[in-house]
Amino acid sequence: MIRFYFHPTPNPAKVALMLEETGLPYEVIPVDTSKGQQHDPAFRAINPNGKVPAIVDTEGPAGGPMTVFDSSAILLYLAEKTGKLLGQPRDKGELLSWLFFIGTGLGPFSGQAVHFQHAAPEGLDYAVNRYRREAERHYQVLDDRLAGRDYIVGDDYTIADISAWGWLDRASRVLKGAAEPLAPYPNIARWFKHIDARPAAARARKVGTQFEFKTVRDEEAQRALFPSNYPPAP
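Reading the values: the criteria
- Residues numbered from 1 in each chain as written.
- Predicted model: local features only at pLDDT ≥ 70, side-chain atom pairs only at ≥ 80, totals over all residues.
- Heavy atoms only, no water.
- Axes fitted to C-alpha atoms, helices over the stretch in contact; angles between N-to-C directions.
- Helix = DSSP H or I, 4+ residues; strand = E, 2+ residues; numbered from the N terminus.
- Parallel < 35°, antiparallel > 145°, perpendicular 65-115°, else oblique.
- Contact = heavy atoms within 4.5 Å.
- Nonpolar A, V, L, I, M, F, W, Y, C, P; charged D, E, K, R; others polar.
- Pairing = 2+ DSSP bridges.
- Phe/Tyr/Trp six-rings, centres within 6.5 Å; stacked < 30°, edge-to-face > 60°.
- Buried < 20%, exposed > 50% of the residue type's maximum accessible area, 1.4 Å probe, protein only.

*Asks:* Just checking my understanding: could you explain the packing of helix H1 (residues 10–22) against helix H3 (residues 71–82) for this structure?
*Replies:* Helices that pack against each other are described as a pair by the angle of their axes relative to one another and the distance between those axes. It is at 9 Å that the axes of H1 and H3 come closest, and there the two elements cross at 10 degrees. On the basis of their axis angle, the class for H1 and H3 is roughly parallel. Facing H1, whose interface residues are Asn11, Lys14, Val15, Met18, Leu19 and Thr22, H3 presents Ser71, Ile74, Leu75, Leu78, Ala79 and Thr82. Looking at side-chain class alone, the contact of H1 with H3 contains seven nonpolar, four polar and one charged residues.

*Asks:* What is the right way to read the sheet that holds strand E3 (residues 54–57) from this model?
*Replies:* Note: strands within a sheet are paired through backbone hydrogen bonds, in either parallel or antiparallel orientation. On the basis of which strands lie adjacent, the open sheet formed by four strands has the order E2-E1-E3-E4 and mixed pairing. The sheet is open, and its two edges are formed by strand E2 (26–30) and strand E4 (66–69), each paired on a single side. Neighbour-to-neighbour, the strand axes of the sheet open up by a mean angle of 20 degrees, direction not taken into account. Examined bridge by bridge, strand E1 (residues 2–6) and E3 share four bridges and lie antiparallel to one another.

*Asks:* Would you mind going over the packing of aromatic side chains with me for this structure?
*Replies:* Aromatic ring pairs are reported here in terms of the distance separating the ring centres and the angle at which the planes meet. In this structure the tally under the stated criterion is ten aromatic pairs. Look at Tyr5 and Phe43: their rings are 5.8 Å apart centre to centre, the planes differ by 55 degrees, and that puts the pair in the tilted class. Of this pair, Tyr5 sits in strand E1 while Phe43 is found in helix H2 (residues 41–44), placing the two residues 38 residues apart along the sequence. Residue class for Tyr5 comes out buried when judged on its relative accessible area of 12%. With centroids separated by 5.4 Å and ring planes inclined at 5 degrees, the aromatic side chains of Phe116 and Tyr131 adopt a geometry described as stacked.

Given below as structure tokens:
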């Protein structure tokens, strides 16, 4: 059984899709980040970095529980556990390269673009421009990669595609104000439509919908989501 610590944001969405694709049994454990539950000691024992997603595999490789955090690490762990979605051995270098391109580039720059366009105080034009342009640059790199290709790596659907799906699903927030955010990236648009049509993607979108998460961005939420912006309590 996989205990899946979840909030409805892009990185947990990747893991939801992976779990649905592999058919592994799992239990969703909600972590309401706007209420600060990611900072609770019980969750910090699972992920010291206080971020979702995280998993606990109750039947790890040595027979006991195995804890994994960070979406890229979780995708690799589950792929190796099941022997699925790793592509061909000859493509391993490319798989790792593109997985970490998404995990250390496209994802973080997209996240910062969302933050500075939607959550940060007005007047930070340099930061807005910096992260928006870098997100667009990463989109273009991926769009070039997908020219004439069905999948990001090799001829197979892999964890690289799953990882990219999680963030590209939020293109309208990353590229704020664009009526058709993927229009400048036709190869991504074609690829995304193909991945999003998979039955597992529809199931992944339903993961966690039985839980009610806080959506109001009041001071409690701001302090919970962006604690480094506030001085520590005396």
